[in-house]
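# An overview of the molecular structure
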Amino acid sequence: MLDRLRGDIASGTLDETGVDLTLNGLPEAIDRELRRALGYSLRPVINATGVILHTNLGRAPLADFALDHVREAASTYSNLEFDVASGERGKRDVHVDRLFQKLIETAAQDGIQPRPHTTSTIVVNNNAAAVLIALNTLGEGGEVIVSRGELVEIGGSFRIPDVMGKSGAVLREVGTTNRTRISDYERAINERTRLLLRVHRSNFAIVGFTEQPSLAELVALGRERGIPVMEDLGSGALFDLRAVGVNSEPGPIESLREGVDVVTYSGDKLLGGPQAGIISGRRELVARIRSNPLFRALRVDKLTYAALEATLLAYIKQNHDSIPSLRMMRVPVEQIECRARAVIAQVGGSLTLEVIEGESLIGGGSAPGATLATKLLAVSSESSSAGLIAERLRTFDPPVIARVEDGRVLLDLRTVFPEQDEAIVRALRTIPA
Ligand SMILES: *Cc1c(COP(=O)(O)O)cnc(C)c1O
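Heads up: these notes are all about the structure in this document. (Residues numbered from 1 in each chain as written. Predicted model: local features only at pLDDT ≥ 70, side-chain atom pairs only at ≥ 80, totals over all residues. Heavy atoms only, no water.)

## What about the site of the ligand?
How we decide: The cutoff for a nearby residue is simple: one of its non-hydrogen atoms must lie within 4 Å of the molecule or strand. The definition of a polar contact used here is a pair of N or O atoms within 3.5 Å, where within protein one atom must be able to donate a hydrogen and the other to accept one, and adjacent residues in sequence count solely through side-chain atom pairs. Starting at the N terminus, helices and strands are each numbered in turn, a helix being any DSSP run of H or I of at least four residues and a strand any DSSP run of E of at least two. Residues are grouped as follows: Ala, Val, Leu, Ile, Met, Phe, Trp, Tyr, Cys and Pro are nonpolar; Asp, Glu, Lys and Arg are charged; all remaining types, including Gly, are polar.
Around the ligand, the neighbouring residues are R59, N126, N127, A128, I154, F158, H200, S202, D232, G234, S266 and K269. Contacts to the ligand include A128, whose backbone N or O atom sits 2.9 Å from an oxygen atom. Note that an oxygen atom of the ligand is positioned 2.6 Å from one of the side-chain N or O atoms of S266. Listed by contribution, the elements that provide at least two residues to the shell around the ligand are α5 (127–139) and β11 (229–234). Grouping the amino acids of the shell around the ligand by side-chain chemistry returns three nonpolar, six polar and three charged.

Structural data, given as structure tokens:
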């Protein structure tokens, strides 16, 4: 700070009063600079966007008990790869494989058997890694058939044709953008075909004159020709989204029940856990993927296993509301409205605040139509533009991230933890009317 001040004096940028002012402010300036330099860069923000699984804001927030388990498992030694009973080397997979198996088995009790005893699950760094290692294991040196309507780009340079290239498998496109029939797959099968791939349209929809074979048709074709079927689900909900009024999201359990051989999905999307890529499917295929040398490069650490194990246990105990992102999906609109009105009452002042109808987005690779009715807190002011208000909210500590639409700032309390409402009030109070 002194160097900077000397520089400013030497270059004549500061006059005498300027020097005095700067000198007086020096202790605070040093304090601020030290706090900034020694503070964390990765820090909490308040997500008032209404996008529940917001990739830029870290996707699924973890439940407290998941964090407790992370702390417990990671602050000391653990049995990560050690079989305590035999005293011998164990496998890190066992900690979550048993729970996935249980979830798949439990689901089987209310329907057709999805071959629970032959299904197993492994975990890698994220779903992109899961797709890569699965394609490399099952498709390398051969052809993988995909519909032209499913050549998805997820964002951040994850594009199915590119991942396919890196996996060493040859992409065999079939059908057209809007219509692909089972006969298209049938005709494309040859002696080099290794896999039939279905990719979830995670961030777009094809509407109008469209056709896509059902999973059952793909599975039947795969069986007939002895070719495995893999589905990249992207999100992979372990609970029935129809309970919150969202229809179109397929889950890994449903897909396995349909007879799909291997499914890949994310840990931190609809599942509500830590970042991870999960591969569930027929035991012998999953075992082949597990023995790929890439697994060692893509595997996850004890922190992830701990957070994932805790999250899965909440599903097994049917304790869905203990998982923050699921709780946010299930919170009643009346409750959101009530909180918004309470915030308005507390802010006071002369900002224009009103409650309006709106939609929250599930996000995180669920279909673009996966929305939930909500009530939004709309903010506007005589003196500041919406952009300026949003900026002001972002400079609050913790930063409040909102949406700007039609010249208004919109806050959706669905994705705000109730204990953060008070911070929203304080943040709004900093905005000039
Ligand atoms: C999100 C998504 C991915 C990538 O998953 P990450 O966990 O972000 O790596 C891959 N495929 C589909 C269909 C997705 O929706």
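## Focus: the pairing of strand β10 (residues 193–199)
For clarity, the threshold we go by: Relative accessible area decides the class of each residue, using a 1.4 Å probe on protein chains only: under 20% of the type maximum gives buried, over 50% gives exposed, and in between gives partly exposed. In short, DSSP must find at least two bridges between two strands for them to pair. When the strands point away from the viewer, a crossover counts as right-handed if the route from the first strand across the helix to the second turns clockwise.
Of all seven residues that make up β10, six are buried, and the element is covered over most of its length. Sheet analysis places β10 next to β11, joined by four bridges and oriented parallel. Looking at the pairing, R198 lines up with E231 of β11. Each parallel crossover has a hand, and the one from β10 via helix α8 (residues 215–225) to β11 is right-handed.

## A short note on a negative patch on the surface
Put simply, the rule is: Residues enter patches when their relative accessible area tops 30% and they take part in no salt bridge; the joining distance is 9 Å for like charges and 5 Å for the nonpolar side chains Val, Leu, Ile, Met, Phe, Trp and Tyr. Each accessible area value is a Shrake-Rupley result obtained with a 1.4 Å probe; residue values ignore everything except the protein chains displayed when judging cover. What counts as a salt bridge is simple: a side-chain nitrogen of Lys or Arg found within 4 Å of a carboxyl oxygen of Asp or Glu. For the charge count, each Lys or Arg is scored as positive and each Asp or Glu as negative, with His and the chain ends excluded. The location of each charge is read from NZ of Lys, CZ of Arg, CG of Asp or CD of Glu.
There is a patch of like negative charges on the surface, built from D64, D68, E72 and E419. Relative to the assigned elements, D68 resides in helix α3 (residues 64–74).

## Digging into the sheet that holds strand β2 (residues 51–53)
The strands making up a sheet are joined through hydrogen bonds of the backbone, oriented either antiparallel or parallel. Basically, it comes down to this: Axes here mean lines fitted to C-alpha atoms, for a helix over just the part in contact, with angles spanning 0 to 180 degrees between N-to-C directions. Throughout, a residue-residue contact means that at least one pair of heavy atoms, one from each residue, lies within 4.5 Å.
The five strands are arranged β2-β14-β15-β18-β17 in an open sheet whose pairing can be described as mixed. Two strands bound the open sheet, and with one partner strand each, they are β2 and β17 (403–405). Put simply, the sheet's adjacent strands are angled 40° from each other on average, direction ignored. The pairing of strand β14 (residues 352–363) with strand β15 (residues 371–380) spans 10 bridges and is classified as antiparallel. From the neighbouring strand, V355 faces β15, where its bridge partner is L377. Taken strand by strand, helix α14 (residues 333–347) contacts β14, β15 and β18 (408–412), and its axis lies near 10° from that of β15.

## Considering the packing of α3 against helix α12 (residues 302–316)
Rules: Any angle between 65 and 115 degrees counts as roughly perpendicular, while under 35 counts as roughly parallel, over 145 as roughly antiparallel, and the rest as oblique. Two helices cross in a left-handed way if the nearer one is turned anticlockwise from the farther one by less than a right angle. They cross in a right-handed way if the turn is clockwise.
α12 packs onto α3 with a crossing angle of 140° between their chain directions and a minimal axis gap of 8 Å. Looking at the two axes, α3 sits oblique to α12. Handedness of the α3/α12 crossing: right-handed. Residues F65, A66, H69, V70, A73 and A74 of α3 pack against K302, L303, A306, A307, E309, A310, T311 and A314 of α12.

## A look at the side chain of T311
Summarising the element assignment, T311 is placed in helix α12. A polar contact of 2.7 Å, which involves the side chain of T311, links it to the backbone oxygen of A307. Excluding residues that lie within four positions of it along the chain, T311 makes contacts with F65, A66, L271, G272, G273, P274 and I323.

## What to know about the sheet that holds strand β12 (residues 262–266)
With respect to topology, seven strands assemble into an open sheet ordered β5-β13-β12-β11-β10-β6-β9, the strand pairing being mixed. Only two strands of the sheet have a single partner each, and these edge strands are β5 (119–124) and β9 (170–174). Across the sheet, the axes of successive neighbouring strands diverge by a mean angle of 25°, strand direction being ignored. Judged from the four bridges that link them, strand β6 (residues 143–147) and β10 form a sheet pairing that is parallel.

The quantities given are spatial measurements derived from coordinates; they are silent on function.
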